[in-house]
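Secondary and tertiary structure notes
Chain by chain, the residues run as shown.
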Amino acid sequence: MLINYIKTALRSLIRHRFFSAINIFGLAVAMSIGMAIIMLVADQVSYDYYNTKRNRIYRVTTAEVNEKGIEQDHQRNSASTMALRNELMDKYTGIEKVIRFKRGFGNNWLEFEGQDVNIPLAGFFADPEVFDFFEYEFQYGDPSTALKEPYTVVLTRKAANKLFKEENPLGLTVKVGDLGTYTVTGVLKETPNKSHVVFEALASMATVNSLNSADENNKEKDRNDELENWTNFWNGWTYILLEPGITTDEIQSHLDKIYEDHIATITDPDTYKMKFHLQALSDITPGPMMNNSIGPVLPWIFVYFLGGLALIILLTSCFNFTNLSIARSLTRAREIGVRKVTGAARWQIFVQFLSESIVVSLFALAIASLILFFLKPFILQLNFARIFRWDLESNMVVYVIFLMFAATVGILAGFFPAIVLSGFQPVKVLKSVNNMKVFSRIGLRKVLLVSQFTLSLFFILSVIIMYNQLHLFLSKDHGFNMKNNIMIRLNRTAPGPLKNELLKYNNIQTVTAASHVPAAGTSMGNGFKKSQDEKEWTNLGRFTVDEDYLKNMQLDLIAGKFFRAEAGVANKNSIVINEAAVKALQFSSPEAAIGEELIPEYDTIRKTVIGVVKDYNHRDLTRTISPLGLVYNPDQISILQVSYTGNYQSAVKVIEKAWAAVNPGLKVDYKEIESEIKQFYEIVFGDLVKLLSVTAFLAILISCLGLLGMATYVTESRVKEISIRKILGSSGRELVMLLSKGFLAVLALAIAIGVPATYFINNLWLEQIAYHTSMDLPVIGLGVLILLAFGMVTVGSQTIRATFVNPVDNLKSE
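The following refers to the structure shown. What you see is a predicted model; the values in this text were computed from it and never measured.

Re a nonpolar patch on the surface
Where nonpolar side chains cluster on the molecular surface, the patch consists of I3, I6, L10 and F363 and spans about 330 Å² of accessible area. Considering every element that reaches the nonpolar patch, the biggest residue donor is helix α1 (residues 2–15), with three residues. One can find I6 in helix α1.

Here it is, written out as structure tokens:
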């Protein structure tokens, strides 16, 4: 019986080739997007799946609490205090192993084989049991001893290839910046296994204590006890392997007890307090959004967003299927009537039509696979894809899911038409097919068409708004000098000699040292208050700068003075604030702030306000101008900013010459400040514009396919009426208007619904952005014009064709 259903379905598809092609292609386009989302989720779910102990591994996360011990409504922190490890292992049961990763290992500058080279190496300090814990496979070395001794390091295969010519580099050394020289004790195999912990090298945790004891003038505050510090919740990540049979509730009770013993009892009001929670390894990616992630983790909200786009596209295709199936119902009415008279039950008719839709869906699956093949390179070029390390590799499980997905789509698309068509009464359909009315004039078909074009208009307008927003970000003045300004990453280079070398050239205007580029996505800050009596800290964004920053950035000093070169290290006792900070700290005026002292939250040195600069956008344009403090500290400098005259290429040549004079034989890392800032907006909003543009194109393409099918059907069903009207003298223009007015009403209704809905929905996110565009009349006019153009071309192609019919050919059989 099933074979007969499939044969009948194939015959029907061949008999109605045009409508079948529209259904198949529309579903294929939509399914290709859905399949891409399936591959994305499958890719992310595969992280850490290789680990045979994954069901017993949990990460300790932290949540901030207030002075009453009540958790705050903030995102959780994926990091935790590293003092947990010894406490859990020494005093509590049910735990097989605890391992930690600590940030801080790696640098952009390495020394090995007697030469200096600026090859980046990124990684963590880790406990020696990490390899068995996460089941990392070794190519060279002994995993049980590789990280037991201080100053030892294990490299990935790629990192070893990058650093050494030797296949087996065991015993060779690498000097990592100021962190010392490390002996290579292991090389990990290159495997297809994916882990949410991303690194090129792991150094021994024992090195941390050695570093502390070797450096009496340690610049990192509290590093000497950070492995045992109960209030440092940001520098390390803790993972627990439970013993078989132990529940998370038992371990959670241990963590709650530890909080009560070591953190709840802290009386210092300025100390952060955090409670501990457990997060399963399988819930990390995709997972909830968290602060301080150890690596790129895809949030579920991003999956939901992409899934929502795919669902909308899929629904428009299903609308097409439903529309065209119902539209063709009258042509198959006699077939249904005859089958019922000859004994077919309603459920058999239902299964017949449902099988047809599943066959259509399977054909669409084949075409969707081809579309996905060409779509995949575009997806992998997105910034999000590179950040989250998508590869969208398929496997047998993914293929099975694709088949299930296609069958589900077929059932969803064909379910309603199958119910309607199988419900025809044999007496009525065999007596007079022409008098049957499946739906009224304002029926389901028009509702579906209106829904499709409303969605299309929503996406068209949203793309225009998003593009305008991106253009605003890229073109708006931030209030400081971005043009003709180049950023040089210093790595380990001292800023002074390079700065002096650059200033020897005539086309270099100013050179200044800073901690980071403003408005490029990096934020630093400190709490300040005017006196110890104040309970609340005022948070100020912090930029570390030198005496030439004001001139290089072309900032306006509205009160006081700026840092002076002759003051030297005495500048450390000073701070320059902006107008927003003057208001936040409740000074009566910029002049009144001069000479006042501020107490930093994490420093014992008071800062005297020596100047006030005019407000400028030191953060990205999604946020308002916030309080800012410019401080002087040569130890926190990481970049030089070089303003120049003339063309960019000449400036670059000068920079390369100056760098070569200070660091002969080494490659300089530089970038235009303007492009660094714009890259932030391109990453955040550029991909959204691309995704929404593709979605809008697909939505209107599928909608127009449905409109084309409906227009074709209406034209074919009224061909005799058109012929009679032509004989009676109707002009081609009158016939076009007659056939088009119903579809024009559909487009008009879609516009009437789509414009206010789009305005409301887009305003929800636009109002969250400090500097935003608006959905004004030009935007609405352009979106509506695009929709009407597509709709009129689609309908017009069929209605105009109908005016050229030969009445004699169509009426000679009457």
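We are not done yet, so read on.
Things to note about the packing of aromatic side chains
The description of an aromatic ring pair rests on the distance of the ring centres and on the angle between the ring planes. Applying the stated criterion to the full structure yields 23 aromatic pairs. Ring geometry for F101 against F134: centres 5.8 Å apart, planes inclined by 40°, an arrangement best described as tilted. Of this pair, F101 sits in strand β2 (residues 95–107) while F134 sits in helix α4 (residues 130–134); the two residues are 33 residues apart in sequence, bridging distant segments of the chain. The same class applies to F101 and to F134, which are both buried. Ring pairs connect the aromatic residues F101, F124, F133, F134, Y136, F199, W237 and Y239, which therefore count as one cluster. Against the face of Y49 rests R54, its NZ or CZ located 3.9 Å from the ring centre. Note that K530 overlies the ring of F587, its terminal NZ or CZ placed 4.9 Å from the centroid.

Here's the deal with the pattern of salt bridges
Tallied over the full model, the rule gives 24 salt bridges. Notably, a salt bridge pairs K97 with D132, separated by 2.1 Å at the nearest N-O pair. One end of the pair, K97, is in strand β2; the other, D132, is in helix α4, with 35 residues separating them in the sequence. Relative accessible area serves as the criterion here: at 43%, D132 is assigned to the partly exposed category. A salt bridge links R489 to D669; the nearest nitrogen and oxygen atoms lie 3.6 Å apart. Linking R489 in strand β13 (residues 485–489) with D669 in the loop between α19 (648–662) and β23 (670–672), this pair joins segments that are 180 residues apart in sequence. Assessed through its relative accessible area of 33%, D669 is described here as partly exposed. Residues joined in a network through salt bridges with shared partners are R85, R100, D127 and E129.

Section: helix α15 (residues 495–502)
Within α15, the full set of buried residues consists of L498, K499, E501 and L502. Angular distribution of buried residues about the axis of α15 spans 160°; they occupy a single face of the element. Buried residues along α15 sit in contact with β13, β14 (508–514), β22 (639–644) and α19.

Parameters and conventions
- Numbers given to residues run from 1 along each chain, matching the order in which its sequence is written.
- It should be noted that, the model being predicted, local features are given only for residues of pLDDT at least 70 and side-chain atom pairs only at 80 or more, the latter also being counted only at that level, while totals for whole chains, interfaces and linings use all residues.
- Only hydrogens and water are removed before side-chain values are computed, so all heavy atoms of the structure are retained for them.
- Patch building starts from residues that exceed 30% relative accessible area and form no salt bridge, then joins like charges within 9 Å and nonpolar side chains (Val, Leu, Ile, Met, Phe, Trp, Tyr) within 5 Å.
- Methods summary: accessible areas were calculated by the Shrake-Rupley approach with a probe of 1.4 Å, and residue burial reflects only the protein chains presented.
- One side-chain nitrogen of Lys or Arg within 4 Å of one carboxyl oxygen of Asp or Glu is enough to make a salt bridge.
- Per the convention used, a helix needs a DSSP run of H or I reaching at least four residues, while a strand needs a run of E reaching at least two, with both numbered from the N terminus.
- Side-chain rings of Phe, Tyr and Trp (the six-membered ring for Trp) are treated as a pair once their centres are within 6.5 Å; stacked means planes under 30 degrees apart, edge-to-face means over 60, and tilted covers the remaining angles.
- Burial classes follow relative accessibility: with a 1.4 Å probe on protein chains only, a residue under 20% of its type's maximum area counts as buried, one over 50% as exposed, and anything between as partly exposed.
- The rule is short: NZ of Lys or CZ of Arg within 6 Å of the ring centre and within 35 degrees of the ring normal puts a charge over the ring.
- Within this analysis, the arc is defined by the directions that extend from the helix axis to the C-beta atoms.
- Pairs of residues are marked as contacts when any of their non-hydrogen atoms sit within 4.5 Å.

Purely geometric numbers; function is a separate question.
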